[in-house]
Amino acid sequence: MTAKTMDDLVSLCKRRGFIFQSGEIYGGLQGMYDYGPLGVELKNNLKSAWWSSMVYENDNIEGLDASILSNPTVLKYSGHEDTFSDPMVDCKSCNSRFRADQLDKNICPNCGSEDLTEPRPFNLMFKTNVGPISDGSSFAYLRPETAQQIFTNFKNVVDSSSKTLPFGIAQIGKAFRNEITPRNFIFRVREFEQMELEFFVRPGTDEDWHKEWVKKRLHWWEQQGVPKDNIELYDVPDDELAHYSKGTIDIMYKFPHGLEELEGIANRTDFDLGSHTKNQDELNISAKVMPNNNSNTRLAIQDIDSKKWVVPYVIEPSAGVDRGVLAIMNEAYNVEDLGEGKERIVLKLKPHLSPIKAAVIPLKKNNAELVNKASDLKKRLQSLNIGRVVLENTGNIGKGYRRHDEIGTPLCITIDFESLEDNTATVRDRDTMKQERVSIDALPDYLIKCINE
Ligand code: ATP
């Protein structure tokens, strides 16, 4: 079962400390959210699952963590200064602003007026001043995608890691877009995180690699608990393609508010490297690139067989971390009928994503022997380095179970008086609610097995 409504998720996120409106005490800031104690764990777990699947599992993929503030020249030659815009209309009656392509009819969704301005392009990039003088001569953009710094670092990575085609560069980090109408909780925000891979391939092999990455990414989302049943692939039509793309497949997910993009997988051709490289005329570039006289670096690679310089094509799987968190929480959210008018909310997260891996609960909060034993076990499990383990010393087992069901903790481990005698504990499974007695010495392996399943 998926969430009933977006409100169910928003309310759980706030109540249990996953996600808060940013600057809420001063009325908030539209399109910005803060991740709380549990949200930051879930988000980090998702990012590390992506990083492992890209960088650790593939010897031909390297990682990068580049700057957010971007030299405007980079975004000039990437084409973003000219084309990274959405069509905006103003309502002349109530002064609200909207994206023209998101209006059902030519009617203001706020006041119903039909008196709207003509659509005009609105560039989504945020600008900020660099250095002490703010006269507009020295500014930087906050990057609208993480990709560009991968392209500008292409030669640095190739030279320092001796890569040959095909190979990739992966990066996770913040991106900023001054969205005209941020909405639907963390789905469309102005500050968000992306997980992007630029996978460089020989021209001519790009279409096969494109298909291959679509398959790989669907499989990965399934491993995170987002099943294929709730996904549709959208082959973006030519007139909707970004300026750099020869073909894009969007992974569309059934979010609580509708079917929308979770990840885009684009064939960016040789557009970006071709636009940023020097000696454009001497390289056999097929895309209609931005003419570039300023670059001092050749962004090409020497073919091992022909020894010719090739500007690789690039396949880009680009996923949103925040949209990933929303999809995963939506899938995991379950309300179960326990009979007699009782129900429980349980977040059936894949254990590797759970913010807390196990809660150790002493039966009585004021009993030093129980609390010490529980505390020793918490330390032992924490040292496994598999994520957060907590000591839940509230003395209320039922309340502890309810809280940990709602936040998706796979195992609750209770230390009781029997534990002091025979060194066993009661382990309760989040999904089945079944309890079993397990030797405390066996618990580290038990927990590792549960998380790796
Ligand atoms: P949309 O059409 O929904 O605006 P997009 O096609 O502009 O998305 P891309 O440029 O392909 O998005 O960005 C790659 C990924 O980054 C998206 O699939 C999405 O997961 C994430 N993303 C893009 N814009 C936002 C945003 N405003 N808020 C949250 N995530 C975003």
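A. The arrangement of the packing of helix H2 (residues 37-56) against helix H7 (residues 206-223) in detail. Where H2 contacts H7, the axes come no closer than 12 Å and their chain directions differ by 140 degrees. On the basis of their axis angle, the class for H2 and H7 is oblique. Handedness of the crossing formed by H2 with H7: right-handed. Contact residues: Leu46, Ala49, Trp50, Ser53 and Met54 in H2; Trp213, Arg217 and Trp220 in H7. Here the contact of H2 with H7 is built from residues that sort into six nonpolar, one polar and one charged.

B. Quick look at the site of the ligand. Around the ligand sit 14 residues, and of these Glu179, Arg188, Val189, Glu261 and Leu262 come closest. Arg188 has a polar side-chain atom sitting 2.8 Å from an oxygen atom of the ligand. In this structure, Glu261 approaches the ligand through a side-chain N or O atom, which is 2.7 Å from an oxygen atom. Relative to its unbound accessible area of 590 Å², the ligand is 83% covered by the protein chains. With respect to the pocket detection grid, the ligand is positioned in the largest pocket. Elements that contribute at least two residues to the shell around the ligand include exactly strand S11 (191-201), strand S14 (258-269) and strand S17 (313-320). Looking at which element gives the most residues to the shell around the ligand, the answer is S14, with four residues. Taken together, the residues that form the shell around the ligand break down as four nonpolar, four polar and six charged.

Conventions we followed
- Residues numbered from 1 in each chain as written.
- Predicted model: local features only at pLDDT ≥ 70, side-chain atom pairs only at ≥ 80, totals over all residues.
- Heavy atoms only, no water.
- Axes fitted to C-alpha atoms, helices over the stretch in contact; angles between N-to-C directions.
- Helix = DSSP H or I, 4+ residues; strand = E, 2+ residues; numbered from the N terminus.
- Parallel < 35°, antiparallel > 145°, perpendicular 65-115°, else oblique.
- Left-handed = near helix turned anticlockwise from the far one by under 90°.
- Contact = heavy atoms within 4.5 Å.
- Nonpolar A, V, L, I, M, F, W, Y, C, P; charged D, E, K, R; others polar.
- Near = heavy atom within 4 Å.
- Polar contact = N/O pair within 3.5 Å; in protein donor to acceptor, adjacent residues only side chain to side chain.
- Areas by Shrake-Rupley, 256 points an atom, 1.4 Å probe, with all protein chains shown as cover.
- 1 Å grid on protein atoms, 1.4 Å probe; cavity = no way out; pocket = protein on both sides within 12 Å on 5 of 7 lines; lining within 4 Å.
- Sits in = over half its atoms within 2 Å of the grid points.

Such coordinate-based values are descriptive only and should not be taken to indicate function.
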